[in-house]
Amino acid sequence: MWIRTQNNYILANVNSLRICKCDIDGCAYYSIHGHYDRYEQELGIYSSECKALMVLDKIENYLEYSHNIVFQMPQDEEDF
């Protein structure tokens, strides 16, 4: 599936997705990574695990019901 990164700089044809928990200076954030070929790309960053899971749910729903060909990663501030 084609996904455009949250910062709009990369358009990747990903095979699988995963949520990664990252800690920087004691602050946790959650990023969604897409896998393609032999690469892994950070697609979007979210302030909570719940938000990241909602984005994965949104992607799953998109795959089931959309006829569009590119999913745009939502910003962290967007309402889901």
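Caption draft 1: Layout of the confidence of the model for the protein chain. On average, residues of the protein chain score 89 in pLDDT, and 95% of them are at 70 or above. The least confident element of the protein chain, judged by mean pLDDT, is strand β6 (residues 70-72) at 81; the most confident is strand β5 (residues 39-46) at 94.

Caption draft 2: Structural context of helix α1 (residues 49-65). Relative to the 24 Å expected for 17 residues at 1.5 Å per residue, α1 spans 24 Å between its end C-alpha atoms, a close match to the ideal helical length. Residues of α1 that are buried: A52, V55, I59 and Y62. Down the axis of α1, the sector holding all buried residues measures 75 degrees, keeping them to one side. Along its buried surface, α1 packs onto β1 (2-4), β3 (16-24), β4 (27-36), β5 and β6.

Caption draft 3: The arrangement of the environment of Y29 in detail. Inspection of the secondary structure puts Y29 in strand β4. With sequence-adjacent residues up to four places away left out, Y29 is seen in contact with C20, K21, C22, I24, E42, I45 and Y46.

Caption draft 4: Structural detail: the packing of aromatic side chains. This structure, assessed with the given rule, holds two aromatic pairs. Residues Y62 and F71 carry aromatic rings whose centres are separated by 5.1 Å and whose planes lie at 75 degrees to one another, so their mutual orientation is edge-to-face.

About the criteria used
- Residues numbered from 1 in each chain as written.
- Predicted model: local features only at pLDDT ≥ 70, side-chain atom pairs only at ≥ 80, totals over all residues.
- Heavy atoms only, no water.
- pLDDT = per-residue confidence, 0-100.
- Helix = DSSP H or I, 4+ residues; strand = E, 2+ residues; numbered from the N terminus.
- Expected span 1.5 Å × (residues − 1).
- Buried < 20%, exposed > 50% of the residue type's maximum accessible area, 1.4 Å probe, protein only.
- Arc of directions from axis to C-beta.
- Contact = heavy atoms within 4.5 Å.
- Phe/Tyr/Trp six-rings, centres within 6.5 Å; stacked < 30°, edge-to-face > 60°.

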